[in-house]
Amino acid sequence: MLQLLLNGLAVGCIYGLVALGFVLIYKATELVNFAQGDLMMLGAFTCYMFVVWYGAGYWLAFVLAVVTVALFGAALDSAVLRRVLGQPQFAVVMLTIGLGAIFRSFASIVWGSEIYTLPTPFSARATRIAGVTISHEYISIIAGTVILCAALYAFFTFTRVGVAMQAASQNQLAAYYMGIPVKRMFSLIWAISAGVAAIAGILLAPVSLIDINLGFLGLKAFAAAVLGGFGSIPGALAGGVTIGLIELFSGAYLPQGVKDVAAYVVLLVVLAIRPQGMFGTIARKKV
Amino acid sequence: MADALLTVSNLETYYGPIMAIRGVSFSVPAGAIVTILGANGAGKTTILKTICGVMDPLKGTVTFERREIQGLDPDAVTRLGISHVPEGREVFPFLSAAENLRMGAYTRRDAAGVARDLEMVYDYFPVLRSRADQRAGQLSGGEQQMLTIARALMARPTMMLLDEPSLGLAPRLVKEIFEIIVRINRDRGVTILLVEQNANMALHVADYGYVLEIGRIVMEDTCARLLDKEDIKEFYLGMKSSSVRGTRRWKRKKTWR
Ligand SMILES: Nc1ncnc2c1ncn2[C@@H]1O[C@H](COP(=O)(O)OP(=O)(O)OP(=O)(O)O)[C@@H](O)[C@H]1O
Ligand SMILES: [Mg+2]
């Protein structure tokens, strides 16, 4: 039971982190990036590559992979997505779905379509506390998420650039008037979102194995973001954890197959009762 | 004008195919308060947006401190010393009032100077001091208006562009805001370009005025003389001159047409 709770929390954290990426980008640019899950997959593969191909230590590979994917995210923004801002939402959504497909085929060309395991310091280790076996992989996911969220919170609240990023998300025009370089802020938000996705991928790797379809998890993360009230950062995390818990518990106690749809059923129910999501606000932003 | 801080010449700005500004020229001397009057849709906001770089003109130039600035990005224009107080209280709704003010100083690196200026704007607008930790979106309309003016001041501008600062405010507050605008101009030597519907107020605080109609400047003069003109009295100040009887009203045309 406790074991299940912990595993559900951990899986939920991953959904939450990917959902966080959706929300950050959406809040800033009103654009939904469906390639978020595939950025996560790229993060896991990049880390795998540094560890297994180049023999880097886990922590070094971790940092290198996150930085690489974050830079890639910023480049994606300035090279591709900045040009489609203002185009119909539908076109932008198709574009990001297309980008996701490109990332998957890129991954299968570079790394192959086999399934890999990423050796980590947490792999296959466990501690017994009060009769419950707690595997380190799951703990590392939860701890990683907590640390990351605290760091992001501090960054967005206490640093000049972080507050300016909030400002640019809330009122783009006024941010321009203040002399805030809005375009650079948006690239930075893409970098952060991509970096967070990469961290999620790397944390998930010891639990779930790496393959090119890892990114499809992004769909559930999207559900988590909607559940939390698209546009709310605490909501994204709460939505992720909710979906993670529902999934594991329904997998354990309900008939086969329920697990995969349980999250969506809950999403529909919540949206029917509270269309703005769990944490959503009605307040609209001005552009 | 040779010593003008800002000179706009033959400006033409379009919204797609719609020509909003049809060849406008004017200048703002350093240290002055200059106002542009005009009815709704005359193009006042569009002129300010073109100066501050949110819109690019198709033709014409904007010269600030002898440098052509048309076509620059708005953040670059702000860094040159032009602060824009946009129409309609564009605050950052989920940041506190104090954070909004700090964002006004985003381009500055001198922390001590910023802290001093924060005190300075709190002295101009004492109500903002008591609202410092409140979210800007929860301030009243008047407080938000003061916040946008104060925020622009935090950049320590050479010049401020004010777009209808009196819009939607109670008469007493309008008076108060205009007094502060004059103080900012006198005490700190900030040059001000003021766009207003409230012609009466604007003409009393400004030195020089331009009248804009459908994208063209149709009259310019010192504000003292503008206040005396029959057309201005009738069309912008809402006064009926005594010589004009109701029966003859239809005959009166604006003399500049
Ligand atoms: N986004 C837009 N797209 C198309 N036309 C526009 C747009 N904004 C303004 N216009 C047109 O440009 C002209 C000038 O508008 P502008 O906003 O500059 O007027 P204004 O003098 O500031 O009016 P107000 O006193 O009502 O604020 C108007 O005819 C208006 O219809
Ligand atoms: Mg206007």
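Since the structure is predicted, the reported quantities are computational estimates derived from the model, not experimental observations.

About the criteria used
- Residues numbered from 1 in each chain as written.
- Chains lettered and ligands numbered in written order.
- Predicted model: local features only at pLDDT ≥ 70, side-chain atom pairs only at ≥ 80, totals over all residues.
- Heavy atoms only, no water.
- Helix = DSSP H or I, 4+ residues; strand = E, 2+ residues; numbered from the N terminus.
- Rg over C-alpha atoms; globule rule 2.2 N^0.38 Å.
- Buried < 20%, exposed > 50% of the residue type's maximum accessible area, 1.4 Å probe, protein only.
- Areas by Shrake-Rupley, 256 points an atom, 1.4 Å probe, with all protein chains shown as cover.
- Lys, Arg positive; Asp, Glu negative; His and termini not counted.
- Charge placed at Lys NZ, Arg CZ, Asp CG, Glu CD.
- Contact = heavy atoms within 4.5 Å.
- Buried area = accessible area lost by both parts, 1.4 Å probe.
- Salt bridge = Lys/Arg side-chain N within 4 Å of Asp/Glu carboxyl O.
- Polar contact = N/O pair within 3.5 Å; in protein donor to acceptor, adjacent residues only side chain to side chain.
- Nonpolar A, V, L, I, M, F, W, Y, C, P; charged D, E, K, R; others polar.
- Near = heavy atom within 4 Å.
- Expected span 1.5 Å × (residues − 1).
- Donors = N, O, S within 2.8 Å, 3.2 Å for Na, K, Ca; no water.
- Pairing = 2+ DSSP bridges.
- Axes fitted to C-alpha atoms, helices over the stretch in contact; angles between N-to-C directions.
- pLDDT = per-residue confidence, 0-100.
- Domains from an automatic or database assignment.

(A) Focus on the overall build of chain B. Within chain B, the secondary structure is distributed over ten helices and ten strands. In summary, chain B has a C-alpha radius of gyration of 19 Å against a globular reference of 18 Å for 257 residues, a match within 12%. Here chain B, with 257 residues, has 55% of them falling under the buried criterion. Of the roughly 11,500 Å² that chain B leaves accessible, carbon and sulfur atoms contribute 49%. Across chain B, the 35 positively charged side chains and the 30 negatively charged ones have centroids separated by 5 Å.

(B) Inspection of the interface of chain B and chain A at higher detail. Facing the 26 residues of chain B at the interface are 22 residues of chain A. Together chain B and chain A conceal approximately 2,100 Å² of surface at their shared face, both sides included; 61% is due to carbon and sulfur atoms. Three residues stand out in chain B for area buried against chain A, namely Phe-92, Met-103 and Tyr-106 of chain B, and they jointly supply 30% of the buried area on that side. Applying the counting criterion to the chain B and chain A interface returns one salt bridge. Note that Asp-73 of chain B is salt-bridged to Lys-183 of chain A, the shortest N-O span being 3.9 Å. At the surface where chain B touches chain A, the tally comes to seven residue pairs in polar contact (both at pLDDT 80 or more). Considering each element in turn, the side of chain B that touches chain A owes the most residues, four residues, to helix 2 (residues 74-80) of chain B. When its residues are assigned to classes, the side of chain B that touches chain A shows eleven nonpolar, five polar and ten charged.

(C) Quick look at the site of ligand 1. Residues and elements named next belong to chain B. Around ligand 1, the structure places 13 residues, and the nearest of them are Lys-44, Thr-45, Thr-46, Glu-87 and Gln-197. Here Thr-45 contributes a side-chain N or O atom positioned 2.5 Å from an oxygen atom of ligand 1. In this structure, Thr-46 approaches ligand 1 through a side-chain N or O atom, which is 2.4 Å from an oxygen atom. When the free accessible area of ligand 1 is taken as 640 Å², the share hidden by the protein chains comes to 62%.

(D) Representation of helix 1 (residues 2-29) of chain A within the structure. Residue and element names in this part refer to chain A. Its 28 residues give helix 1 an end-to-end C-alpha distance of 40 Å, which sits within 8% of 40 Å, the value for a rise of 1.5 Å per residue. Burial analysis of helix 1 places 22 of its 28 residues in the buried class, which makes it a mostly covered element. Downstream of helix 1 by a residue or two, Glu-30 has a phi angle that is positive, lying close to 55°.

(E) Quick look at the pattern of salt bridges. Residue and element names in this part refer to chain B. Within this structure, the stated rule accounts for 14 salt bridges over all chains. In this structure, Asp-123 and Arg-129 form a salt bridge, with 3.1 Å as the shortest nitrogen-oxygen distance. Residue classification places Arg-129 among the partly exposed residues on the basis of a relative accessible area of 37%. Members of the salt-bridge network, linked through shared partners, are Arg-108, Asp-110, Asp-117 and Arg-156.

(F) Focus on the coordination of the magnesium ion (ligand 2). Residues and elements named next belong to chain B. Taken together, the protein ligands of the magnesium ion (ligand 2) are Thr-45 (OG1) and Glu-87 (OE), with distances of 1.8 to 2.3 Å. Separated by 42 residues along the polypeptide, Thr-45 in helix 1 (residues 44-52) and Glu-87 in the loop between strand 6 (82-85) and helix 3 (97-104) bring together distant segments of the chain. The exposure class of Thr-45 is buried, given its relative accessible area of 14%.

(G) Broad picture of the sheet that holds strand 3 (residues 33-38) of chain B. Residue and element names in this part refer to chain B. Taken together, the six strands give an open sheet; going across it, the order is 6-7-8-3-9-10, and neighbouring strands pair in mixed fashion. The open sheet has two edge strands, strand 6 and strand 10 (216-222), and neither has a second partner. Put simply, the sheet's adjacent strands are angled 15° from each other on average, direction ignored. Bridge analysis of strand 7 (residues 159-163) against strand 8 (residues 191-196) gives five bridges, and the strand direction is parallel. Following the sheet pairing, Leu-161 is matched in strand 8 by Leu-193. Along the sheet, helix 1 contacts strand 3, strand 6, strand 7, strand 8 and strand 9 (208-213); its crossing angle with strand 7, the most-contacted strand, is approximately 150°.

(H) Highlighting the confidence of the model for chain A. Averaged over every residue, the pLDDT of chain A is 81; the share at 70 or more is 94%. Low pLDDT, under 50, characterises residues 282-287 of chain A; the predicted model gives this stretch 15 contacts beyond four residues in sequence or across chains.

(I) Structural context of the domain arrangement of chain B. All names here are of chain B. The domain boundaries assigned to chain B delineate domain 1 (1-81 + 157-257) and domain 2 (89-156). Each of domain 1 and domain 2 was reduced to a C-alpha centroid, and the two centroids are 25 Å apart. Sorting the residues of domain 1 by area buried against domain 2 places Pro-157, Ile-180 and Arg-188 first, and these three jointly supply 35% of that buried surface. At the junction of domain 1 with domain 2, the criterion picks out zero salt bridges. Remark: the boundary between domain 1 and domain 2 carries one residue pair in polar contact (both at pLDDT 80 or more). Taken together, the elements giving at least two residues each to the side of domain 1 that touches domain 2 come down to strand 7 and helix 7 (171-188). The leading source of residues in the side of domain 1 that touches domain 2 is helix 7, at eight residues.

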